[in-house]
2 protein chains.
Amino acid sequence: MSAPGKAEEPKEQRLTEGGRRTRERIIETAAELMFHRGAGGTSIPDIQAAAGVSASQIYHYFGDKQGLVLAVIDHQTDAQLARQRPLLDSLDSIEALRAWCDTAGSRQDARGCEGGCEIGSLAGELADSDQSARARLVSAFDRWEEPIRSGLARMQARGELSEHADTAALATALLAAVQGGMLLSQVRRSSTAYRQAVSAVIDHIESHLVR
Amino acid sequence: MSAPGKAEEPKEQRLTEGGRRTRERIIETAAELMFHRGAGGTSIPDIQAAAGVSASQIYHYFGDKQGLVLAVIDHQTDAQLARQRPLLDSLDSIEALRAWCDTAGSRQDARGCEGGCEIGSLAGELADSDQSARARLVSAFDRWEEPIRSGLARMQARGELSEHADTAALATALLAAVQGGMLLSQVRRSSTAYRQAVSAVIDHIESHLVR
DNA sequence: ACGTGATTGGAATGTCAATTCCAACTTGGG
DNA sequence: CCCAAGTTGGAATTGACATTCCAATCACGT
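Definitions and cut-offs
Each chain carries its own residue numbering, running from 1 in the written order of its sequence. Each chain is given a letter, starting from A, and each ligand a number, starting from 1, according to the order in which they appear as written. Totals for whole chains, interfaces and linings use every residue, but because this is a predicted model, local features are given only for residues with pLDDT of at least 70 and side-chain atom pairs only at 80 or more, for both listing and counting. Each residue receives a C-beta atom built from its backbone; the residue is near a molecule or strand if that atom lies within 6 Å of it. Charged means Asp, Glu, Lys or Arg here, nonpolar means Ala, Val, Leu, Ile, Met, Phe, Trp, Tyr, Cys or Pro, and polar covers whatever is left, Gly included. Domain segmentation is taken from an automatic or database assignment of domains. Contact definition: two residues whose C-beta atoms, as placed from backbone geometry, lie within 7 Å. Working definition: helices are DSSP H or I runs of at least four residues, strands are E runs of at least two. Numbering for both runs from the N terminus. Geometry is summarised by axes, namely lines fitted to C-alpha atoms with helices restricted to the contacting stretch, and by angles between N-to-C directions that run from 0 to 180 degrees. Each angle receives one of four descriptions, namely roughly parallel if under 35 degrees, roughly antiparallel if over 145, roughly perpendicular if within 65 to 115, and oblique otherwise. Each crossing gets its handedness from the near helix: less than a right angle anticlockwise from the far helix is left-handed, clockwise is right-handed. Overlaid copies result from least-squares superposition on C-alpha atoms, with residues included only where pLDDT is at least 70 in both. Here a residue counts as buried when 20 or more other C-beta atoms sit within 10 Å of its C-beta, as exposed when there are 12 or fewer, and as partly exposed otherwise, the C-beta atoms being derived from the backbone. Within this analysis, the arc is defined by the directions that extend from the helix axis to the C-beta atoms. The span you would expect from a helix comes to 1.5 Å times its residue count less one. The score called pLDDT rates the predictor's confidence residue by residue, from a low of 0 to a high of 100. Among buried residues, those of type Ala, Val, Leu, Ile, Met, Phe, Trp, Tyr and Cys that are joined through C-beta atoms within 7 Å form a set called a nonpolar core.

Section: the protein's contact with DNA strand D
Now for step 1: Lining the immediate surroundings of DNA strand D are 25 residues, of which Thr16(A), Gly19(A), Ser56(A), Ser43(B) and Ile44(B) lie closest.
Now for step 2: In terms of residue class, the surface near DNA strand D is made up of seven nonpolar, 13 polar and five charged.

Written out as C-alpha cells, the structure is:
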C-alpha cells in the first residue's frame, strides 16, 4: 500500500475478487504504456485495447483519467521500491551503495536505455500540471530517499561516516544523481552517464568515511 | 521503392523580414507554452492564440507540429547557452563552478521552482517517442557539457586539478546533478535538492584539487 | 508598374479522445 | 432462491486537435 498519507477517498467501494483483479490489470497495463509514451501520450482507448477491458471498467474503478494516473503513480512507487528491496534496506556501506546503483544501471542497459526512471519520467511530465500528482510524487521521492538516508545514518552511528556528514543532503544528492543520470542515459542511449553520475556522488560519500 | 525519407532537408525558403519575425514569435511563444505544459500538452490552437497568428502561418513555417517542436528544442538550447554565458565559458575554478550553479538555483527560486530545466523537461518527454527530437537533445546536452569539461580541463592543464581526474566524467556528473536536482526541486517546490545535488558534485571535484 | 513567390486569414475536414449512459449480467449474503 | 450491489459491454455524445485548402494580400526584384 501507499505511505500513510491523507488520501481523501470519499468512495470506499467494496471490491469483488474479479473486480480487484480487473482493477490491478488496468493499473499495470496503464503503468506500462505510460512508462513508454507518457501519461498524456497514453489514451484510454489504448489502455482498453492493451488490457482487454471496456471503457466502463476504467471509469468505474478510477472515476476519470486523472484518477487512473494517480493510481499509476502509487503503483509505480510501490513497484519500484519493492523491486529494489532488499538492497534498499541495507545501504549502509559504500559497497552496498555501489551494488544498488549498479543493478539499476544493468537494468537500464538491459532495456537498451529506452525509458528513464518510472517515477522520474512521470514527475517531469506532471509536476507542473497536476497538483495532486505532484503531491504523490513528493511522497514517492521521500519514500525512496528515506532508506538511503537511513543507511548513511547507520554508517554514521557506527562511526564509519564522519559526524560532520549531512546524511540527508547526501541522500538527496545521490537520488538526484540517479535521476539526472537516468535522463542523460535515456537521451544518449548509453548507461555511461548514469554510471558516472552515481559514481561521482558515491565517491564523494566515500570521502566522508572516517580515517 | 519509396525513398526512405530519413532526413527531409528543410527546403531553404526565402524569408521576408516580416516572415522572419513571425517565425521567431511563433518559436518563442511555443517554447514558453511548452516549457509550462510540455510539448504534448501544448496545442497548435494554443500557440495560435498566444502568438496571435493563424494556423496557416505555423504550418507554413514549420511543416507540422513535429517540425515546430524541433525548432523549439534548438531555440531553447541556444537560449539556455546564451543566458549562461559568459559564466559558462570560464568554469575553470571551484568558485566559478559554484557561482554558475548558484545563478541557476536563484533563477529556480525566482520562479517558485515551477518548471524544471527547459531542455531536460523536453528531453524526458520526447527522448523515447521522437527520434529526431532525441538526436537534437543529444546535441543540446553535448553543447552544454562541453564548456564544463573544457573548464575542468583548463584547471587540469594548469596543474590545479589532479591529472588523474576524469574531466569528461566529472562534467557529465555535474550536468546530471543539475538535471536531477532540478527535477527534485520542481517536484518539491524548493531549490534545496538542487543546491545539495550540485554542491555534492562540486565538493567531489574539489577533492581532486592539487593542494 | 509587374509578376512571382511569400505571407496570411479563416473555414473545412477527418480523426480521435474523454466521458456519459443505459441496459445486461454476476455475485454474495440472508 | 432473491435482491442489492458490483461488474461489464458497447453505443452515443461532445469537443478538441492536427492538418488541409483556397483565396486574398503583400513584398521585392526586374
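Brief notes about the domain arrangement of chain A
Residue and element names in this part refer to chain A.
Now for step 1: When its domains are assigned, chain A resolves into domain 1 (14-63) and domain 2 (72-206).
Now for step 2: When each unit is reduced to the centre of its C-alpha atoms, the spacing between domain 1 and domain 2 is 28 Å.
Now for step 3: Between domain 1 and domain 2, the residue contacts involve nine residues of the former and nine residues of the latter.
Now for step 4: Taken together, the residues of the side of domain 1 that touches domain 2 sort by class into six nonpolar, three polar and no charged.

Thoughts on the protein's contact with DNA strand C
Now for step 1: Near DNA strand C there are 23 residues, and of these Ser43(A), Lys65(A), Thr16(B), Gly19(B) and Ser56(B) occur at the shortest range.
Now for step 2: Broken down by secondary-structure element, the contributors of at least two residues to the surface near DNA strand C are α2 (44-51) and α3 (55-62) of chain A together with α1 (17-37) and α3 (55-62) of chain B.
Now for step 3: In terms of residue count, α3(B) provides more of the surface near DNA strand C than any other element does, four residues in total.
Now for step 4: Among the residues making up the surface near DNA strand C, the classes are represented as seven nonpolar, twelve polar and four charged.

What about the packing of α1(B) against helix α2 (residues 44-51) of chain B?
Each packed pair of helices is defined by two parameters, the angle between the axes and the distance between the axes.
Residues and elements named next belong to chain B.
Now for step 1: Axis separation between α1 and α2 bottoms out at 9 Å; the angle between their running directions is 120 degrees. As summarised for this structure, α1 and α2 are arranged oblique, according to the angle between their axes. Both α1 and α2 take part in a crossing whose hand is right-handed. Residues Arg25, Ile26, Thr29, Ala30 and Leu33 of α1 lie in contact with α2, whose contacting residues are Asp46, Ile47, Ala50 and Ala51.
Now for step 2: Broken down by class, the residue content of the contact of α1 with α2 amounts to six nonpolar, one polar and two charged.

With respect to the relation of the copies chain B and chain A
The second copy of the chain is related to the first by a rotation about an axis and a shift along the axis.
Now for step 1: The transform that puts chain B on chain A rotates by 180 degrees and translates by 0.0 Å along the axis, for an RMSD of 0.1 Å. Here the two chains are linked by the operation of a two-fold rotation axis. Measuring from the rotation axis to each C-alpha of chain B, the shortest distance belongs to Gly180(B), at 1.9 Å.
Now for step 2: A shared binding surface is used by both copies, with 100% of the interface residues of chain B retained as interface residues in chain A.

Observations concerning α3(B)
All names here are of chain B.
Now for step 1: For α3, the set of buried residues is Ile58, Tyr61 and Phe62. Axial view of α3: buried residues confined to an arc of 80 degrees, hence all on one face. In α3, the exposed positions that point more than 90 degrees away from the buried face belong to Ala55 and Ser56.
Now for step 2: Buried residues along α3 sit against α1, α2 and α4 (65-84).

A look at helix α7 (residues 131-157) of chain A
Now for step 1: The end-to-end C-alpha separation of α7(A) is 38 Å, in line with the 39 Å expected for 27 residues at 1.5 Å each.
Now for step 2: Where α7(A) ends, the next residue or the one after it, Gly159(A), has phi of about 85 degrees, a positive value.

A closer look at the packing of helix α6 (residues 118-126) of chain A against helix α6 (residues 118-126) of chain B
Now for step 1: In contact at an axis separation of 9 Å, α6(A) and α6(B) are set at 120 degrees when each is read in the N-to-C sense. Our classification of the angle between α6(A) and α6(B) gives oblique. For the pair α6(A) and α6(B), the crossing hand works out as left-handed. Residues Ser121(A), Gly124(A) and Glu125(A) of α6(A) lie in contact with α6(B), whose contacting residues are Ser121(B), Gly124(B) and Glu125(B).
Now for step 2: A per-class count over the contact of α6(A) with α6(B) returns no nonpolar, four polar and two charged.

Let's talk about the interface of chain B and chain A
Now for step 1: Listed by partner, the interface residues are 44 residues for chain B and 44 residues for chain A.
Now for step 2: Where the side of chain B that touches chain A is concerned, the elements lending two or more residues are α1, α6, α7 (131-157), α8 (167-188) and α9 (192-206) of chain B.
Now for step 3: Considering each element in turn, the side of chain B that touches chain A owes the most residues, 16 residues, to α8(B).
Now for step 4: Considering only residue class, the side of chain B that touches chain A consists of 19 nonpolar, 18 polar and seven charged.

Section: the confidence of the model for chain A
Now for step 1: Per-residue confidence for chain A gives a mean pLDDT of 94, with 94% of residues at or over 70.
Now for step 2: Taken together, the stretch residues 1-11 of chain A has pLDDT below 50 and engages in five contacts with residues farther than four places along the chain or on a different chain.

Remarks on the nonpolar core
Now for step 1: Grouped together as the largest cluster of nonpolar side chains are 116 residues, with contacts concentrated most on Leu137(A), Ala177(A), Val201(A), Leu137(B), Ala177(B) and Val201(B).
Now for step 2: Among residues more than four places away in sequence, those in contact with Leu137(B) are Val187(A), Ile73(B), Ile119(B), Leu122(B), Ala123(B), Leu126(B) and Ala127(B).

What to know about the environment of Ala31(A)
Residue and element names in this part refer to chain A.
Now for step 1: If you trace the backbone, Ala31 turns up in helix α1 (residues 17-37).
Now for step 2: Note: C-alpha distance between Ala31 and Ile44 (13 residues apart in sequence) is 12 Å.
Now for step 3: In this view, Ala31 contacts Val72, His75 and Gln76; residues no more than four positions away in its chain are not counted.

Some words on the environment of Val198(A)
Residue and element names in this part refer to chain A.
Now for step 1: Of note, Val198 is situated in helix α9 (residues 192-206).
Now for step 2: Each C-alpha atom of the pair Val198 and Leu174 lies 6.5 Å from the other, and the pair is 24 residues apart in sequence.
Now for step 3: If we ignore the near neighbours within four places in the chain, the residues touching Val198 are Cys101, Leu174, Ala177, Val178 and Gly181.

Here we look at unusual backbone geometry
Now for step 1: Cis geometry is found at the peptide bond from Arg85(A) to Pro86(A), where omega equals 5 degrees.
Now for step 2: Looking at where Pro86(A) falls in the secondary structure, it is placed in the loop between α4 (65-84) and α5 (94-110).
Now for step 3: The phi torsion at Arg189(B) lies on the positive side, around 55 degrees, for a residue other than glycine.
Now for step 4: Residue placement: Arg189(B) occurs in the loop between α8 and α9.
Now for step 5: Of the residues examined, Arg189(B) has 14 C-beta atoms within 10 Å and is grouped as partly exposed.

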